[in-house]
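Residue-level structure breakdown
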Amino acid sequence: GGSGLPPDLADIVLRRLPSLADRARFASACRHWRHVATQYSPSPPGLPPALPWLNFHDGSFRSLPDGEPQSFPLGEDTLCGSSSGCGGTSHRHFLKNPLLGTTRWLPGHCREPVDLNPDGSRRPVSTSTRFFISKVIVCSGDLIAATVNYHITGPCAVVCCRPGTSSWSAGQRDGRWYKDMALYKGKLYTVADDGSLFAHEVTEDTGNGEGEQVINDCYRPEQGCTPHMTLKVFEADLEMRRWVEVRSLGDQVLFVSPYSSKAVSSDECGYLRGNQIYFIDDSFTVWRLWPSSKPRTSGVYDMSSGTMRSISLGGLVINDQAKGSWFFP
């Protein structure tokens, strides 16, 4: 056992484990190591972020950097999506902790979007089980927010609930397709498919108005695209209400995929080189932005050199047509 290892040395070992699976094995080795690991629970201040997994949406995952296979026993007809472990089957939705196996059940009903009558009054709101969750975020306390589609190809809405309630709140029908959502300084921010940024108040009743548009779309594809692919990064300047192009990420590493993206500091994790973008995108958006070429749908883009390489997970190389997204357990 590891009982002979001083706690300060065990702490150093834990900090040098980039994989969440390895951290779980560390905690299960003996009660002394488990005590060290629990010092960082439930949130891990001071502990470098664990590297993400690639989620192939069929219950299989591959972890960075070693490519070790991971899987969740989710059951038949169950899909694991978004970045937070949301699963759903037969209109039952839940959040599942991949390490502890604990489950928080979410409402299987969602109020339909709010439609307005010609005179500005609201039409009666109905409830439906036909909705699709794109991304889930646990906000302060036990308030949970999500982006949902009421038809698999239809526009999105931002809705909220608390575990144990019978239904998600009603969003407003505004005709937008949100590609991602993040929580920042108490507000939810969504990015639409045209690059516009919207701010939403975090309340259980999100039917009181649409999100405030804080930044207009920023990028239009240039004519005469070439087969060479260049990724551009923009940062939201909320005070000036505009996107500002970023030429360098510094020590940051971006993991980008539909409905699931995150920035990680290479100085904190120590296993990645900064100023790089790990991307995977099997959506139709990439073909629309580069209509005259066949761009890569996955890879690692180096902002310093403008070069691209394949994503390597140990001995496994992710091919260009891989269908998946990043998962942050």
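Reading guide: rules and limits
Residues numbered from 1 in each chain as written. Predicted model: local features only at pLDDT ≥ 70, side-chain atom pairs only at ≥ 80, totals over all residues. Heavy atoms only, no water. Helix = DSSP H or I, 4+ residues; strand = E, 2+ residues; numbered from the N terminus. Buried < 20%, exposed > 50% of the residue type's maximum accessible area, 1.4 Å probe, protein only. Contact = heavy atoms within 4.5 Å. Areas by Shrake-Rupley, 256 points an atom, 1.4 Å probe, with all protein chains shown as cover. Pairing = 2+ DSSP bridges. Axes fitted to C-alpha atoms, helices over the stretch in contact; angles between N-to-C directions. Salt bridge = Lys/Arg side-chain N within 4 Å of Asp/Glu carboxyl O. pLDDT = per-residue confidence, 0-100. Parallel < 35°, antiparallel > 145°, perpendicular 65-115°, else oblique. Nonpolar A, V, L, I, M, F, W, Y, C, P; charged D, E, K, R; others polar.

1. Let's talk about the overall build of the protein
For the protein, the count of helices and strands is 5 helices and 26 strands. Considering the protein as a whole, with its 329 residues, one finds that 44% of them fall into the buried category. The long-range fraction of contacts in the protein, counting pairs at least 24 apart against all pairs at least 6 apart in sequence, stands at 46%. Approximately 17,300 Å² of the protein is accessible, and the part contributed by carbon and sulfur atoms is 52%.

2. Examining the sheet that holds strand β12 (residues 156–161)
If you walk across this open sheet you meet the 3 strands as β10-β11-β12, and the pairing is antiparallel. The open sheet terminates on both sides in strands that have one partner only, identified here as β10 (132–138) and β12. Across the sheet, the mean angle from the axis of one strand to that of its neighbour is 25°, orientation sign disregarded. Both β10 and strand β11 (residues 144–149) contribute to a ladder of 6 bridges, which runs antiparallel. Residue pairing in the sheet places I133 in a bridge with V148 of β11.

3. Quick word on helix α2 (residues 20–29)
Along α2, the residues that are buried comprise L20, A21, R23, F26 and A27. Close packing links the buried residues of α2 with α1 (7–15), α3 (31–38), β1 (53–55) and β3 (69–71).

4. As for the pattern of salt bridges
Between side chains of opposite charge, a pair can form when the charged atoms approach closely. The final tally for this structure, using the stated rule, is 6 salt bridges. Residue D180 is joined to K135 by a salt bridge in which the shortest nitrogen-to-oxygen separation is 2.8 Å. With a gap of 45 residues between them, D180 in strand β13 (residues 178–184) and K135 in strand β10 connect regions that are remote in the sequence. Here D180 matches K135 in class, with each residue buried. With a closest N to O distance of 3.3 Å, E245 and R247 form a salt bridge.

5. A look at unusual backbone geometry
Following L64, the chain continues to P65 via a peptide bond in cis, the omega torsion being 0°. Among the structural elements, P65 can be located in the loop between β2 (60–63) and β3. Non-glycine residue R241 carries a positive phi angle of around 55°. Positionally, R241 belongs in the loop between β17 (233–237) and β18 (242–246).

6. Here's the deal with the sheet that holds strand β20 (residues 262–265)
Hydrogen bonding along the main chain pairs the strands of a sheet, whether they run parallel or antiparallel. An order of β20-β19-β21-β22-β23 is seen for the 5 strands of this open sheet, with the pairing classed as mixed. Taken across any chain shown, the strands that pair with only one partner, and hence form the sheet edges, are β20 and β23 (307–309). Each strand axis lies, on average, 20° off the axis of its neighbour in the sheet, ignoring direction. Pairing of strand β19 (residues 252–256) with β20, which is carried by 4 bridges, proceeds in the antiparallel orientation. Residue V253 lies in a different strand from β20, and its bridge partner there is V264.

7. Some remarks on the pairing of β11
Each regular strand shows side chains that alternate between the opposite faces of the sheet. Counting buried positions over the 6 residues of β11 gives 6, a clear majority of the element. Residues I144, A146 and V148 point to one face of β11 and A145, T147 and N149 to the other, with burial holding for every one of them. Between the end of β10 and the start of β11, which pair antiparallel, lie 5 residues, with G141 showing a positive phi angle near 65°. Sheet topology note: the β11/β12 ladder contains 6 bridges and is antiparallel.

8. Quick look at the confidence of the model for the protein
Put simply, the protein has an average pLDDT of 75, and 69% of its residues get 70 or more. Long-range and interchain partners of residues 221–227, a stretch whose pLDDT sits below 50, account for 7 contacts in this model, where long-range means more than four residues apart.

9. A short note on the packing of α2 against α3
With their axes 5 Å apart at the nearest point, α2 and α3 run at an angle of 130° to one another. The orientation of α2 relative to α3 falls into the category oblique. From α2, F26, A27 and A29 reach across to α3, where they touch W33, R34, V36 and A37. Residue composition of the contact of α2 with α3, grouped by class: 6 nonpolar, no polar and 1 charged.

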